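Architecture and fold: a report
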Protein chains: 2
Amino acid sequence: MSEHQTEQDGARTQLTEYLARNGMKQTRQREAILESFLGVSGHITSENLYEYVRAQYPDIGAATVYRALKLFCDAGLAHALHFQDGVTLYEHEGHHHDHLICVGCGEIVEFECDDIEDFQLRIARDHGYRLTKHRHHLYGYCAKCQSSGTDRK
Amino acid sequence: MSEHQTEQDGARTQLTEYLARNGMKQTRQREAILESFLGVSGHITSENLYEYVRAQYPDIGAATVYRALKLFCDAGLAHALHFQDGVTLYEHEGHHHDHLICVGCGEIVEFECDDIEDFQLRIARDHGYRLTKHRHHLYGYCAKCQSSGTDRK
DNA sequence: TTGATATTGATAATCGTTCTCAACTAGCGT
DNA sequence: ACGCTAGTTGAGAACGATTATCAATATCAA
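Here the residue numbering is sequential within each chain, running from 1 through the sequence in written order. Chain labels run from A onward and ligand labels from 1 onward, assigned in the order the entries are written. The predicted nature of this model means local features are confined to residues of pLDDT at least 70 and side-chain atom pairs, given and counted, to a pLDDT of 80 or more, with totals for whole chains, interfaces and linings taken over all residues. Where side-chain values are given, they derive from all heavy atoms of the structure, hydrogens and water being excluded.

Looking now at the interface of chain B and chain A. Across the contact, 38 residues belong to chain B and 38 residues belong to chain A. The term buried area denotes the loss of accessible surface (1.4 Å probe radius) that occurs when two parts are joined, taken as the sum for both partners. The largest per-residue losses of area from chain B upon contact with chain A belong to B:His82, B:Tyr129 and B:Arg130, which jointly make up 20% of the total buried on that side. The definition of a polar contact used here is a pair of N or O atoms within 3.5 Å, where within protein one atom must be able to donate a hydrogen and the other to accept one, and adjacent residues in sequence count solely through side-chain atom pairs. Counting every contact that joins chain B to chain A gives 16 residue pairs in polar contact (both at pLDDT 80 or more). Put simply, DSSP marks the helices as runs of H or I at least four residues long and the strands as runs of E at least two long, and each gets a number from the N terminus on. If you list the elements that add at least two residues to the side of chain B that touches chain A, you get β3 (98-102), β4 (108-111), α5 (114-126), β5 (130-141) and α6 (143-147) of chain B. Among the elements that line the side of chain B that touches chain A, the one with the most residues is β5(B), at 12 residues. Any residue that is not Ala, Val, Leu, Ile, Met, Phe, Trp, Tyr, Cys, Pro, Asp, Glu, Lys or Arg is counted as polar, Gly included; the first ten are nonpolar and the last four charged. Looking at the side of chain B that touches chain A residue by residue, the class counts come to 18 nonpolar, 12 polar and 8 charged. Note on contacts: a residue pair qualifies if any of its non-hydrogen atoms lie within 4.5 Å across the two residues.

Rendered as structure tokens:
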């Protein structure tokens, strides 16, 4: 819990600094939305976060949540992920993993693979690119969906 | 040219078979849209393809193009790619590569890396998944955008 | 405290895409 | 060739997610 607390504090500080650095203001809304966002463990859509926020702060508008989420991305606190079906999910930054997605039940497993990251760098270098980020999504059927035998393609 | 011809013919046959197999009909529109789609070399958006189609067949509606593109995906002739910024591009199936995207100028370079594919399979297996496809996008600055020094992040 | 300026919330607007539905047409059986 | 039936089409309405507009409001440095 205390560890979690420091992570949240770190994020808050990071936002405060970003706002100061860019002549922006620290508002109740931004604090509240950040709070809600940090309370989410995995991935969340803009809309879900809005519901989430609204549960505690009913007077915060949807536009403000969208704006805040974009702000968090700019400030390096969040990441937007665009999945196969066009759905956009946000996750905490620093929480970077790649994703294994079940097309049967929608489960999302996160993974890391340093070897792959090495190959990515090599490929980028070969093409003269300087990488800033990547998206690596594997789609398939999880063990459960394979055995339940439904939606076989 | 003759090689290209056979590739197109292969795609046509594939569509015809898919339609027959699913009790669907071979229409002028679908043929025309497939023709236009095959005429595109790289990636294209639904809207661009619609413009493209309309140039030759002004009486084909947008909805029909959207429907056809989805059909081509189902028939295994096309692939939808969802990029970072939410843009959806379509490419020919059988033309599967991964992508290196310049966030400066938007250039898209395609690459293949068997080693990475091997790691993907291993990761999937470790998690009990059976892979059906993957999306692997690397974002960065191409050599040109790095040297022109603009939009440095 | 005040004032300049960033931010907010409600809502209109926008974008890309899908739905609705009456008119149309492919393609089977005859 | 004909007619029938079910799939398909085009126009435009509807849609869902997101962004822009704008007057009211809040932040924060002086």
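A word on the pattern of salt bridges. A side chain with one charge may pair with a side chain of the opposite charge, provided their charged atoms come close. Residue and element names in this part refer to chain A. The term salt bridge refers to a side-chain nitrogen of Lys or Arg lying within 4 Å of a carboxyl oxygen of Asp or Glu. Per the stated rule, a full pass over the model turns up 4 salt bridges over all chains. Residues Arg12 and Asp9 are paired through a salt bridge, measuring 2.7 Å at the closest nitrogen-oxygen approach. Taken as a pair, Arg12 and Asp9 lie in helix α1 (residues 2-21) at a separation of 3 residues, close to a single helical turn. Working definition: with a 1.4 Å probe on protein chains only, accessible area under 20% of the residue-type maximum means buried, over 50% means exposed, and in between means partly exposed. With a relative accessible area of 25%, Arg12 lands in the partly exposed category. For Arg12, the salt bridge is made with Glu35, and the minimal N-O distance between the two is 2.6 Å. Taken together, the residues span a long stretch of sequence, with Arg12 in helix α1 and Glu35 in helix α2 (residues 28-39) at a distance of 23 residues. We classify Glu35 as partly exposed; its relative accessible area is 31%.

Residue and element names in this part refer to chain A. Counted residue by residue, strand β3 (residues 98-102) has 5 buried out of 5 residues, so it is predominantly covered. Neither face of β3 is left uncovered, since the one carrying Asp98, Leu100 and Cys102 and the one carrying His99 and Ile101 both have all their residues buried. At least two DSSP bridges between two strands are needed for those strands to be called paired. Strand direction decides the pairing type here: β3 and strand β4 (residues 108-111), joined by 4 bridges, are antiparallel. Bridge pairing in β4 places Leu100 opposite Val109. With antiparallel pairing between neighbouring strands as the criterion, β3 and β4 make up a hairpin whose turn holds 5 residues, including Gly106 at a positive phi of roughly 85°. Pairing of β3 with strand β5 (residues 130-141), which is carried by 4 bridges, proceeds in the parallel orientation. Among the inter-strand pairings, His99 is bridged to a residue of β5, identified as His137.

To continue, consider the protein's contact with DNA strand D. In these notes, residues near a molecule or strand are those with any non-hydrogen atom within 4 Å of it. Taken together, 22 residues lie around DNA strand D, and A:Lys25, B:Thr27, B:Arg30, B:Thr64 and B:Arg67 are the ones closest in. Among atoms of DNA strand D positioned within 4 Å of the protein, sugar and phosphate together represent 75%. Separating a phosphate oxygen of DNA strand D from a side-chain N or O atom of A:Tyr66 is a distance of 2.9 Å. Contacts to DNA strand D include B:Gln29, whose side-chain N or O atom sits 2.9 Å from a sugar or linking oxygen. Mapped by element, the contributors of at least two residues to the surface near DNA strand D are α3 (46-56) and α4 (62-74) of chain A together with α2 (28-39) and α4 (62-74) of chain B. A total of 4 residues in the surface near DNA strand D trace back to one element, the largest contributor, which is α4(A). Its residues placed into classes, the surface near DNA strand D shows 5 nonpolar, 8 polar and 9 charged.

So, about the relation of the copies chain B and chain A. Copies overlap after least-squares fitting; the atoms used are the C-alpha atoms of residues with pLDDT of at least 70 in both. Rotating chain B by 180° about the axis while translating it 0.0 Å along that axis superimposes it on chain A, leaving an RMSD of 0.1 Å. When the rotation and shift are considered jointly, the pair of chain copies conforms to a two-fold rotation axis. Across chain B, the smallest distance between a C-alpha and the rotation axis is recorded for B:His136, namely 2.2 Å. Both copies share a contact surface, since 100% of the interface residues of chain B are interface residues in chain A too.

If you check the shell around DNA strand C, you find 20 residues, and the closest are A:Lys25, A:Arg30, A:Asp59, A:Thr64 and A:Arg67. One of the side-chain nitrogen or oxygen atoms of A:Lys25 is found 2.6 Å away from a base oxygen of DNA strand C. At a separation of 2.5 Å, a phosphate oxygen of DNA strand C approaches a polar side-chain atom of A:Arg30. Taken together, the elements giving at least two residues each to the surface near DNA strand C come down to α2 and α4 of chain A together with α3 (46-56) and α4 of chain B.

Turning to the packing of α2(A) against α3(A), a few remarks are in order. Residues and elements named next belong to chain A. Orientation is described by lines fitted to C-alpha atoms, with helices fitted over the stretch in contact, and by angles between N-to-C directions that extend from 0 to 180 degrees. At their nearest, the axes of α2 and α3 sit 9 Å apart, and the two run at 120° to each other. Relative to α3, α2 is oriented oblique. Between α2 and α3 lies a crossing whose hand is right-handed. Within the contact between the two elements, α2 uses Ile33, Ser36, Phe37 and Gly39 and α3 uses Leu49, Tyr52, Val53 and Gln56. In terms of residue class, the contact of α2 with α3 is built from 5 nonpolar, 3 polar and no charged. Here roughly perpendicular refers to angles of 65 to 115 degrees, roughly parallel to angles under 35, roughly antiparallel to angles over 145, and oblique to all remaining angles. Note on convention: near helix rotated counterclockwise from far helix by under a right angle means a left-handed crossing. Clockwise means right-handed.

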